[in-house]
Amino acid sequence: MVFHFPQTDENSENPHWRAIGYSPATDEAPEQEEQANTKRPLDDGVVETIHHTDASLPIRLAEKGLAVTEDAARNVCRIECDVVIVGSGCGGGVAAAVLAGAGHKVVVIEKGNYFTARDYTSIEGPSMSQLYEYGGFVSTLSGSGLLLAGSTVGGGSAVNWSACIKTPDSVRKEWAAAHGLPLFDKSEYTAAMDVVFKRLGVTSGCKEEGLQNKVLRKGCEKLGYKVEPVARNSSEGHYCGSCGYGCRTGDKRGTDTTWLVDAVARGAVILTGCKAEKLLFTDAAGARGKRCVGVVATSSNPAITRKLEVRAKVTVAAGGSLLTPVLLRGSGLKNPHIGKNLHLHPTAMAWGYFPPDKMPELRGKMYEGGIITSLHKVEAAGDGLPHRAILETPLMGVAAAGTQFPWVSGRDMKERMLNYGRTVHIFSLVRDRGSGTVHGERRIAYHLDPVDRENQREGLRRALRILVAAGATEVGTHRSDGQRLSCKGATDEEVEEFLDGVTGVRGPQSKSENWSLCCTAHQMGSCRMGATAGDGAVDARGESWEAERLYVCDGSVLPSAVGVNPMITIQSVAYCLATGIAEQLKRDPSSGRNHSTD
């Protein structure tokens, strides 16, 4: 499936790109040419419902080794398996590999579609539309936050920025002690992180950094700040600046090219273009009172009118922190923690303009090179205290830049965009103490805690200092009044005066004179695990307190924010939980196959 890009001509070009110095890699890469006529990594197990009808889908599913029954009277296609998993991202992908590897017939339900390197274009508009939840336009109810969440096979791992950071020791200790979750203090969790690193082929070096990371590193070194390298799930020579639109080179290793490949090799089936609507329950004699026996899903393809009823011994919800609570709550579960405790790692952006050809050591464009290869931690005053924020660099496409820059005037916006290619962005990310609530699909309430806002402000001020030290001729924020400072000839006093006026993010409905948007690509905690039903939506094994054999296995189970890019944490937790599920199925005498096909 190849993307269509209506904002470009037949040559995949836009007449405005040359004017602003934007030249995305739209040519067909050699790797893509080689792949054009080869089998895709998941072809042995993927069933793309957009290509089927009511008549052809059951046949295709049976070919994949599934027991399928058609119920014309109920307009239902019933599928039987051992484990059904909703979602194919960092949680669902890992769970699928572990459980299929344990010998169970696994069905993965994914509402997004399946794309590979040969489909990706690096063109912002169609990529966002095809790969992100609601095309990248998910906002909080107040309009102050813009949330990015992957919606494709591989989920967020297919579109994230490759940063691989293990769960900080301080966070692990907190989760073990304060939340009563001993898993995080055990060697098994450490081993799980090592397994994840190995499967993703994580590398710690970077042969050449892109412009934005060079600026971050140079500014930090000038000011005497510590800058740390960021490991990535790619080769050390990976120089792709558009991985957020899918990695065209195929170098980045998301679940779609790793864990799901393992799962398919062991017989797993992945249903794409298929959305889970509700969970199925039956009464049970145990303490929980009921048992989950599967899920009902619908295809986005209008040619498939039948509901898909996937019956399984174990159901795993792994749709992510924005959608898993919607599924659980919509299926009648009532634990008060479902949808609560949503953490977002709120960010604030600073920018600096670096004229071309002035600094040979800072050559290139801001959209070239690895997206995150360095970071700086804004430490708190006092030994042993957690850092207040981390500073990293983002993927910032043309449309995203145009959206983020405040409208001051038509002339100003044209100048901003003419400088686009050499305008470096650094964002301040905080480990939020405050939290929000998922009230429903695209109904998310979130407000910054005062301490989080102050930490965000301190990170934003630090980012601006770094940009000035690196040699920017102009720096600013995305505040609605166009807050900026011309650095040429500016005294230290003038820089400090400017920094004193920098504030934390306040949204357009805050009644503040000036406002800006908070962007986030990390969602955690909305079905957090807890030692008791009063502490979380699921127990320490990821099982629902209200229904046995229903597990949650994604970022929503995290007890709180991680404080760093969460991919490794989510996959490691998923690995531990899925291993526990496999052991439970092995011990349970009813865990044998309920169908004869394999």
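What counts as what
Residues numbered from 1 in each chain as written. Predicted model: local features only at pLDDT ≥ 70, side-chain atom pairs only at ≥ 80, totals over all residues. Heavy atoms only, no water. Helix = DSSP H or I, 4+ residues; strand = E, 2+ residues; numbered from the N terminus. Rg over C-alpha atoms; globule rule 2.2 N^0.38 Å. Buried < 20%, exposed > 50% of the residue type's maximum accessible area, 1.4 Å probe, protein only. Contact = heavy atoms within 4.5 Å. Pairing = 2+ DSSP bridges. Disulfide = S-S within 2.5 Å. Axes fitted to C-alpha atoms, helices over the stretch in contact; angles between N-to-C directions. UniProt positions renumbered as here; feature names shortened; annotations may be inferred. Salt bridge = Lys/Arg side-chain N within 4 Å of Asp/Glu carboxyl O. Parallel < 35°, antiparallel > 145°, perpendicular 65-115°, else oblique. Domains from an automatic or database assignment. Buried area = accessible area lost by both parts, 1.4 Å probe. Polar contact = N/O pair within 3.5 Å; in protein donor to acceptor, adjacent residues only side chain to side chain. Nonpolar A, V, L, I, M, F, W, Y, C, P; charged D, E, K, R; others polar. Core = buried A, V, L, I, M, F, W, Y, C linked by side-chain atoms within 4.5 Å. Expected span 1.5 Å × (residues − 1). Phe/Tyr/Trp six-rings, centres within 6.5 Å; stacked < 30°, edge-to-face > 60°. Lys NZ or Arg CZ within 6 Å of the ring centre and 35° of its normal.

*Asks:* Before we go on, may I ask you to explain the overall build of the chain in this structure?
*Replies:* Counting its regular elements, the chain contains 15 helices and 25 strands. Relative to the globule expectation of 25 Å for 598 residues, the C-alpha radius of gyration of the chain, 24 Å, shows essentially globular dimensions. Overall, the chain is about 80 × 55 × 45 Å in size when its C-alpha atoms are taken along their principal axes. A buried classification covers 60% of the 598 residues belonging to the chain. Partitioning the intrachain contacts of the chain with sequence separation of at least 6 by distance along the chain shows that 74% fall at a separation of at least 24.

*Asks:* I'm lost on the pairing of strand 12 (residues 274–283) in this one. Help?
*Replies:* Regular strands have side chains that alternate between both faces of the sheet. In this structure, strand 12 lies alongside strand 13 (residues 290–299), joined through nine bridges in antiparallel fashion. Paired with Cys274 across the two strands is Ser299, which belongs to strand 13. In sequence, strand 12 turns back onto strand 13 through a hairpin of six residues, with Gly289 there showing a positive phi of about 90°.

*Asks:* Would you mind showing me how to read the state of the cysteines here?
*Replies:* Here a disulfide denotes one covalent bond, and it connects the sulfur atoms of two cysteines. One pass over the full model with this rule turns up zero disulfides. In this structure Cys240 is a free cysteine whose sulfur lies 3.5 Å from that of Cys243, the closest cysteine sulfur available. By relative accessible area, Cys240 is classed as buried at 9%. Cys518 forms no disulfide, and the closest cysteine sulfur to it belongs to Cys519, at a distance of 6.7 Å. Classification of Cys518 by relative accessible area gives buried; the value is 8%.

*Asks:* How should I be thinking about the sheet that holds strand 5 (residues 106–110) in this particular structure?
*Replies:* One key point about sheets: their strands pair by backbone hydrogen bonds, in either a parallel or an antiparallel sense. One open sheet holds the six strands; their spatial order is 1-11-5-4-15-25, and the pairing between them is parallel. Across the chains shown, the open sheet's two edge strands, defined by having one partner strand only, are strand 1 (46–48) and strand 25 (550–552). Shown here is a sheet whose adjacent strand axes are inclined to one another by a mean of 20°, direction ignored. The pairing of strand 4 (residues 83–86) with strand 15 (residues 314–317) spans four bridges and is parallel. Each bridged residue has a counterpart across the sheet, and for Val83 the counterpart in strand 15 is Val314. Most of the contacts of helix 3 (residues 90–101) go to strand 4, to which it runs at about 165°, and overall it touches strand 4, strand 5 and strand 15.

*Asks:* Sorry if this is basic, but what is going on with the UniProt feature "domain: FAD-dependent oxidoreductase 2 FAD-binding" (unreviewed entry) in the chain here?
*Replies:* Annotation from UniProt places "domain: FAD-dependent oxidoreductase 2 FAD-binding" (unreviewed entry) at residues 82–115. Regarding residues 82–115, the helix share stands at 35% and the strand share at 26%, and the terminal C-alpha atoms are separated by 27 Å.

*Asks:* What exactly am I supposed to notice about the pattern of salt bridges here?
*Replies:* Pairing of side chains with opposite charge becomes possible as their charged atoms draw close. Tallied over the full model, the rule gives 35 salt bridges. Among the salt bridges present, the one from Arg311 reaches Glu309, with a minimum N-O distance of 3.2 Å. The structure contains a network of salt bridges with shared partners spanning Asp71, Arg74, Glu309 and Arg311.

*Asks:* I tried to follow the packing of helix 8 (residues 211–223) against helix 13 (residues 450–470) on my own but got confused; where do I start?
*Replies:* Packed helix pairs are characterised by how far apart their axes lie and by the angle those axes make with each other. Closest axis-to-axis distance for the helix 8/helix 13 pair is 8 Å, and the angle between their directions is 90°. In this view, helix 8 runs roughly perpendicular relative to helix 13, as classed from their interaxial angle. On helix 13, the residues that touch Val215, Leu216, Lys218, Gly219, Cys220, Lys222 and Leu223 of helix 8 are Arg465, Ile466, Leu467, Ala469 and Ala470.

*Asks:* Where do I start with the domain arrangement of the chain in this structure?
*Replies:* Under the domain assignment, the chain is made up of domain 1 (46–114 + 165–201 + 254–341 + 524–587) and domain 2 (211–244 + 344–520). Here domain 1 and domain 2 share an interface that buries about 1700 Å² over both sides, 57% of which is from carbon and sulfur atoms. Contact with domain 2 buries surface across domain 1, with Leu322, Ala561 and Gly563 losing the most and accounting together for 23% of the total. If you look at where domain 1 meets domain 2, you find two salt bridges. Ionic pairing is found between Arg431 and Glu174, a salt bridge with its closest N-O pair at 3.0 Å. Our count for the domain 1 to domain 2 interface comes out at eight residue pairs in polar contact (both at pLDDT 80 or more). Contributions of two or more residues to the side of domain 1 that touches domain 2 are made by helix 6 (169–177) and helix 10 (324–330). In terms of residue count, the dominant contributor to the side of domain 1 that touches domain 2 is helix 6 (three residues). Of the residues belonging to the side of domain 1 that touches domain 2, the class tally is 13 nonpolar, nine polar and three charged.

*Asks:* Explain the nonpolar core here, please?
*Replies:* Side chains that are nonpolar tend, in soluble globular proteins, to be buried together. In this structure, Ile85, Leu99, Val106, Val316, Phe354 and Tyr420 are the most contacted members of the largest nonpolar core, which totals 163 residues. Top element by residues in this core is helix 15 (residues 567–587). It accounts for 11 residues. Formed jointly, this core draws a minimum of three residues from each of two domains, domain 1 (46–114 + 165–201 + 254–341 + 524–587) and domain 2 (211–244 + 344–520). Those residues in contact with Val106 that lie beyond four places of it in its chain are Val83, Ile85, Ala96, Leu99, Ala100, Gly267, Ala268 and Val269. Core analysis: the second largest hydrophobic core is formed by 10 residues, Val138, Ala149, Tyr446 and Leu448 among them.

*Asks:* Hey, could you run me through helix 3 in this one?
*Replies:* Residues spaced three or four apart along an α-helix face the same direction, because each turn holds 3.6 residues. With 12 residues, helix 3 should reach 16 Å at 1.5 Å per residue; the first-to-last C-alpha distance of 17 Å fits that figure. For helix 3, the buried fraction is high: 11 of the 12 residues fall into the buried class. For helix 3, the full list of buried residues reads Cys90, Gly91, Gly92, Gly93, Val94, Ala95, Ala96, Ala97, Val98, Leu99 and Ala100. Contact partners of the buried residues in helix 3: strand 4, strand 5, helix 5 (156–159), helix 9 (259–265), strand 15 and helix 15. Gly103, located one to two residues past helix 3, shows a positive phi value of around 95°.

*Asks:* Whenever I open this one, the packing of aromatic side chains confuses me. Can you help?
*Replies:* What characterises a pair of aromatic rings is the spacing of the ring centres plus the angle enclosed by the ring planes. Evaluation of the coordinates by the stated rule reveals nine aromatic pairs. Plain terms: the ring middles of Trp17 and Tyr22 are 5.3 Å apart, the flat faces sit at 85° to each other, and that makes the pair edge-to-face. Of the two residues, Trp17 and Tyr22, neither departs from the other in class, the shared state being buried. Three or more aromatic residues joined by ring pairs make a cluster, and in this case those are Trp17, Tyr22, Tyr367 and Tyr420. Across from the ring centre of Phe197, 4.8 Å away, lies the NZ or CZ of Lys166, which sits over that ring.

*Asks:* Any chance you could explain the UniProt feature "active site" (unreviewed entry) in the chain here in plain terms?
*Replies:* Using the residue numbers shown here, the UniProt feature "active site" (unreviewed entry) corresponds to His522. Examined against the element boundaries, His522 turns out to sit in the loop between strand 24 (518–520) and strand 25.

*Asks:* Would you take a moment to explain the environment of Gly210 for this structure?
*Replies:* Looking at the element boundaries, Gly210 is found in the loop between helix 7 (187–200) and helix 8. Gly210 has contacts with Tyr239, Glu368 and Gly369, leaving out every residue within four places of it along the chain.

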